[in-house]
Amino acid sequence: QKMRWRGFPSMDQHTDIAVCAHVACWSILRHYSECYASQRELLVHDIKVMAHQFDPGGLVPGNGLDVYEAERVFLAAGTYPLLVSKSITTPDDFYAQLLAYLDSGFPLFAAMEGRGHAIVIVGRSWQDVRAVSGNAWDRVSGLTVIDDNYLPYRWVPAKATTGAEYSAQDIDRFIVALPEKIYYPATAVEAYAKTFAKFLRNFITMPAENETVVRYFVTTVAAFREFARKNASQLGRELVAAIMQLETAQFVWVLEYASPAQWSKGEIAARAVLDASASPKDATPIWMAHGTGTAIFFDRSVVPAKADFINVIPAIGAPLSRMEQNLRPINARP
């Protein structure tokens, strides 16, 4: 289904190509061109041309883009798009992936095919949930979006609410435009997180299995090292030094475990770092893991990977805090 524009034209482009999906693609690629020198600035007209194998002229763009044409735009722009669709039987998996890539700092192209509309998701807000749940998405109160029918930025609830035009429940698919060499998908991280938690419980104090909140996101190893330097009192000198010497790929998945009580205070029980360039079939995609008193480093050059343990001596009473630097938290509804 084509996603048609229903508001006023923006971006100083002709009305017949300023449809919502075009503007959503443009917004994401404009963000990338502002942040990265390797990405050139594109006009909405460029988006129109990139969506097709040939120049369709002025008639076709007025019909909007479907999600596969949007995927083609991101590929033509030099990114590596990943399209994720929601399953009726397992919607929680869809929202877990959405949150993972959003927490990684990637703006997301989101399609609401039932409404024939497309938006860009750029942020999320947490809510204080007392219930025991291992799903971090249950702790999201809403999303901050760019909707071409409104001025930026707009807050929409995570669940259908009286008076809200739409909610995150209306999102059917999303596209994340990834950089090169992020091969390990969020679905593989979700599955590995559950398996690895059983291993960690043998060495690190962890919440009970049915009371563990799991969160994960992509970052660069440079950003992770910067986080370690700034939080040296929590990690201890030995662990910080080992992190600085750790040989990893440029991109890593950071995996965090917490109890509901720890989550509400912005704390975690344990953290793991996975290779984002690993294959989903890799038996040991992990580089390291640590809790408050113990850290484990994995030598992946041998099979099975060899685990080396080091003692961690943090400052007395210093809890481990969540790593939030990729996405500035939105603490309240605008």
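Being a predicted model, the structure only gives us computed values, none of them experimental. (Residues numbered from 1 in each chain as written. Predicted model: local features only at pLDDT ≥ 70, side-chain atom pairs only at ≥ 80, totals over all residues. Heavy atoms only, no water.)

With respect to helix α5 (residues 186–200)
Right, on to step 1. Over its 15 residues, α5 extends 20 Å from the first C-alpha to the last, a length consistent with the 21 Å expected when each residue adds 1.5 Å.
Right, on to step 2. The largest bend along α5 reaches roughly 25° and is located at A193.
Right, on to step 3. Looking only at α5, the buried set comprises A186, A188, V189, Y192, A193, F196, A197 and L200. (Helix = DSSP H or I, 4+ residues; strand = E, 2+ residues; numbered from the N terminus. Expected span 1.5 Å × (residues − 1). Bend = angle between axes of the 7 residues up to and from the residue. Buried < 20%, exposed > 50% of the residue type's maximum accessible area, 1.4 Å probe, protein only.)

Some remarks on the sheet that holds strand β6 (residues 173–178)
Right, on to step 1. Here 6 strands make up an open sheet; going across it, the order is β1-β6-β2-β3-β4-β5 and the pairing antiparallel. Of all strands in the sheet, those bounded by a partner on one side alone are β1 (80–85) and β5 (154–157). Strand-to-strand twist in this sheet, taken as the mean axis angle between neighbours without regard to direction, amounts to 35°.
Right, on to step 2. Relative to strand β4 (residues 140–146), strand β3 (residues 117–126) runs antiparallel, the two sharing 6 bridges. Pairing of S125 across the sheet is with G142, part of β4.
Right, on to step 3. Most of the contacts of helix α1 (residues 20–35) go to β3, to which it runs at about 50°, and overall it touches β2 (108–112), β3, β4 and β6.
Right, on to step 4. Its contacts with the sheet place helix α3 (residues 67–76) against β1, β2 and β6, and it is angled at close to 5° to β6. (Pairing = 2+ DSSP bridges. Axes fitted to C-alpha atoms, helices over the stretch in contact; angles between N-to-C directions. Contact = heavy atoms within 4.5 Å.)

A few points about the pairing of β2
Remember that side chains alternate between the two faces of the sheet whenever the strand is regular.
Right, on to step 1. Counting buried positions along β2 yields 5 of 5 residues, so the element is predominantly enclosed.
Right, on to step 2. The two faces of β2 match: L108, A110 and M112 on one face and F109 and A111 on the other face are all buried.
Right, on to step 3. Inspection of the sheet shows β2 paired to β3 by 5 bridges, in the antiparallel sense. Paired with F109 across the bridge in β3 is V120.
Right, on to step 4. For β2 and β6, the ladder comprises 4 bridges, and the chain directions are antiparallel. Note that in β6 the partner of A111 across the bridge is R173.

Digging into α3
Right, on to step 1. Along α3, the positions that sit buried rather than exposed are V67, E69, A70, V73 and F74. For α3, the angular spread of buried residues about the axis comes to 160°, placing them on one side.
Right, on to step 2. Structurally, α3 contributes buried residues whose contacts are with α1, α2 (44–50), β1, β2 and β6. (Arc of directions from axis to C-beta.)

Comments concerning the environment of F94
Right, on to step 1. Topologically, F94 is positioned in helix α4 (residues 91–103).
Right, on to step 2. As for F94 and R173, which are separated by 79 residues in sequence, their C-alpha atoms are 8.4 Å apart.
Right, on to step 3. Excluding residues within four positions of it along the chain, F94 makes contact with V84, S85, K86, I171, D172, R173 and F174.

Here's the deal with the nonpolar core
Right, on to step 1. The biggest cluster of nonpolar side chains holds 84 residues, and the ones touching the most others in it are F109, L143, W253 and Y257.
Right, on to step 2. Core analysis: the second largest hydrophobic core is formed by 21 residues, L235, L239, A258 and V312 among them. (Core = buried A, V, L, I, M, F, W, Y, C linked by side-chain atoms within 4.5 Å.)

Focus on the pattern of salt bridges
Right, on to step 1. One pass over the full model with this rule turns up 17 salt bridges.
Right, on to step 2. The closest approach of N and O atoms between E324 and R124, which form a salt bridge, is 2.9 Å. Within this pair, whereas E324 is found in the segment after β14 (320–321), its partner R124 is found in strand β3, the two being separated by 200 residues in sequence.
Right, on to step 3. For E324, a relative accessible area of 18% translates into the label buried. (Salt bridge = Lys/Arg side-chain N within 4 Å of Asp/Glu carboxyl O.)

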